[in-house]
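Inside the fold
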Amino acid sequence: MEREGGGGSLFFRGLQNRSQEKMKLRKRKSTLYLGPQKSTGRRRDLLGENTYLVLFTIALRICNCFLVQTSFVPDEYWQSLEVAHHMVFNYGYLTWEWTERLRGYIYPLIFASIYKILHLLGKDSVQLLIWIPRLAQALLSAVADLRLYSLMKQLENQQVARWVFFCQLCSWFTWYCCTRTLTNTMETVLTVIALFYYPLEGSKSMNSVKYSSLVALAFIIRPTAVIPWVPLLLRHFWQEQRKLDLFLHQFLPIGFVTFSLSLIIDRIFFGQDLGTFYGSHPWHWYFSQGFPAVLGTHLPFFIHGCFLASKRYRIFLVTVLWTLLVYSMLSHKEFRFIYPVLPFCMVFCGYSLNHLKTWKKPAISFLFLSNMLLALYTGLVHQRGTLDVMTNIQELCYNNPNVSSASVFIMMPCHSTPYYSHVHYPLPMRFLQCPPDLSGKSDYLTEADIFYLNPLKWLYREFHNDSTLPTHLIIFSVLEEEISPFLISSNYERTAVCFHTHLPEDRTGSHIYVYERKLKGKLN
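What comes next concerns the included structure.

Reading guide: rules and limits
- Residues numbered from 1 in each chain as written.
- Predicted model: local features only at pLDDT ≥ 70, side-chain atom pairs only at ≥ 80, totals over all residues.
- Heavy atoms only, no water.
- Core = buried A, V, L, I, M, F, W, Y, C linked by side-chain atoms within 4.5 Å.
- Buried < 20%, exposed > 50% of the residue type's maximum accessible area, 1.4 Å probe, protein only.
- Contact = heavy atoms within 4.5 Å.
- Axes fitted to C-alpha atoms, helices over the stretch in contact; angles between N-to-C directions.
- Helix = DSSP H or I, 4+ residues; strand = E, 2+ residues; numbered from the N terminus.
- Parallel < 35°, antiparallel > 145°, perpendicular 65-115°, else oblique.
- Left-handed = near helix turned anticlockwise from the far one by under 90°.
- Nonpolar A, V, L, I, M, F, W, Y, C, P; charged D, E, K, R; others polar.
- Polar contact = N/O pair within 3.5 Å; in protein donor to acceptor, adjacent residues only side chain to side chain.
- Disulfide = S-S within 2.5 Å.
- Salt bridge = Lys/Arg side-chain N within 4 Å of Asp/Glu carboxyl O.

Examining the nonpolar core
- Ranked by size, the top nonpolar core spans 145 residues in total, and within it Phe173, Tyr313, Phe316, Leu353, Ile393, Leu427 and Ile474 carry the most contacts.
- Other than its neighbours up to four places away in sequence, leucine 427 contacts Ile393, Leu396, Cys397, Val403, Ala406, Ser407, Val408 and Tyr420.

Dropping the structure here:
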């Protein structure tokens, strides 16, 4: 009996061992089968996302770049490209902020590096100097778009992330700004990428060193970049158990390194409340006009999303409101100042679209069409004349046999046009100056102010000798009638007309006129 029992037990053990071996074989087979799929998936990833999505985003922002052919504010040229051009080619014009050493060179240095490479390659044509910096900014904005998508996919799911991504891509103001060479644009890019590494509940990419380094860099490029980050930094510090380690081992060293780097760069190139001067607005301007205009037709979806979003996004809403409140305290207000909080708003807009049921398709169509119409109008039509007229100056430099005797006087509100970064030729040029008074005089007037008090009188006094007259004048259409006696007596003839805007105001006309001084015998 014992042998039979022992034989039986051996028999059952044999069956059990065979079944375990089969299970192991099946497991190995399954592992081998799944292996190639995983490796294939990895090959298709770029920036942590599907390659096709990345390429689509980059292609969209490149198209975005070429479909923005208008001017927004002078700073997109005078605080970046003009400085970079002066750094590399040693001619041009630096505004008072640079002569008074009030700006940092880090942001212009990016474009100066591009200019230097083009110059060394012998490819520094004026068109490349104009478009390559903007394409570089477009690529950085595409990276920020993808980081926002990746973050939302981690925090929520792919469906919510897609709607946030959609809202981000079709925002008219993002389309209008994200390829411009503005410090606000770089500030927004760095803010979004830093947010990707910020320690939020559910995030798999949190990295305190990376996000704080990006915030520090944004601060150096534009000191006001720290404003949206005040609530976020306080939240991180409050929730961190090892507060002293966070401050001593991360925030303090990063702040020291970035600040030192900024000082070194500024020392190399320098050798070492003005807000009201540029216009003031009432305290409520951002709430009553600025923020609604920047959001556009996203506004109702933003409000709806604020009620739907989970508690973890309260810090985003606090960041938006805090930024609006702080900027409301400043006298000088502009739409672009609140651009960095727009991606935060897109999170709530995406939440809203994700929860819509009955009206989802009409809402999506309305959001897309309304934003694209506004984006295309502002990008291709509104305020394009100040860039188009630079083509006339380029032709004067490169297609004119008498270029050596040519000169240009831009008689428009100061900094209305770009300057040597869009000409790339040492042509004698002049514009109406408008530096602020740093001595505090109450009755201070700039050259532009004095000119517009009585343009005709100013011209006769300034150009009492014909030998000092420029060969070309560039004016807004609103000025033509007032100075026509001077134009006739000085033998100027209109040679070109550029459309500028459908909404002329004050000193800005609907068109820009180019006048050329002719010899009396050659007047038409």
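Digging into the packing of helix H4 (residues 81-89) against helix H6 (residues 106-120)
- Packing of H4 against H6 brings their axes to within 8 Å, and their N-to-C directions diverge by 45°. Compared by their axis directions, H4 and H6 come out oblique. With respect to the hand of their crossing, H4 and H6 are arranged in right-handed fashion. Facing Leu81, Val83, Ala84, His85, Met87, Val88 and Phe89 of H4, the residues of H6 in contact are Pro108, Leu109, Phe111, Ala112, Tyr115, Lys116 and His119.
- Each residue belonging to the contact of H4 with H6 can be placed in one class, and the counts come to 11 nonpolar, two polar and one charged.

A few points about the side chain of serine 150
- Among the secondary structure elements, serine 150 is positioned in helix H7 (residues 126-155).
- Setting aside its immediate chain neighbours within four residues, serine 150 contacts Glu49 and Phe196.

Comments concerning the environment of lysine 518
- Tracing the backbone through its elements, the reader meets lysine 518 in the segment after strand E7 (511-517).
- A residue is classified by how much of its surface remains accessible, and lysine 518, at 22% relative accessible area, is partly exposed.
- Linking lysine 518 and asparagine 491, residues 27 residues apart in sequence, is a C-alpha distance of 5.7 Å.
- Within the local environment of lysine 518, its side chain forms a polar contact with the side chain of glutamate 516, the two groups lying 3.4 Å apart.

A short note on the state of the cysteines
- As enumerated under the stated definition, the model contains one disulfide in all.
- Not engaged in a disulfide, the cysteine cysteine 177 finds its nearest cysteine sulfur in cysteine 178; these two sulfurs lie 8.0 Å apart.
- We classify cysteine 177 as buried; its relative accessible area is 1%.
- With no disulfide of its own, cysteine 306 lies 7.7 Å from the sulfur of cysteine 345, the closest cysteine sulfur.

A few points about the pattern of salt bridges
- Here the structure, examined in full by the defined rule, presents 14 salt bridges.
- We note a salt bridge from arginine 430 to glutamate 462, for which the minimum N-O separation is 2.9 Å. One end of the pair, arginine 430, is in strand E4 (residues 429-431); the other, glutamate 462, is in helix H21 (residues 455-462), with 32 residues separating them in the sequence.
- When its relative accessible area of 25% is taken as the criterion, arginine 430 is described as partly exposed.
- Among the charged side chains, a salt-bridge network with shared partners connects Asp75, Glu334 and Arg336.

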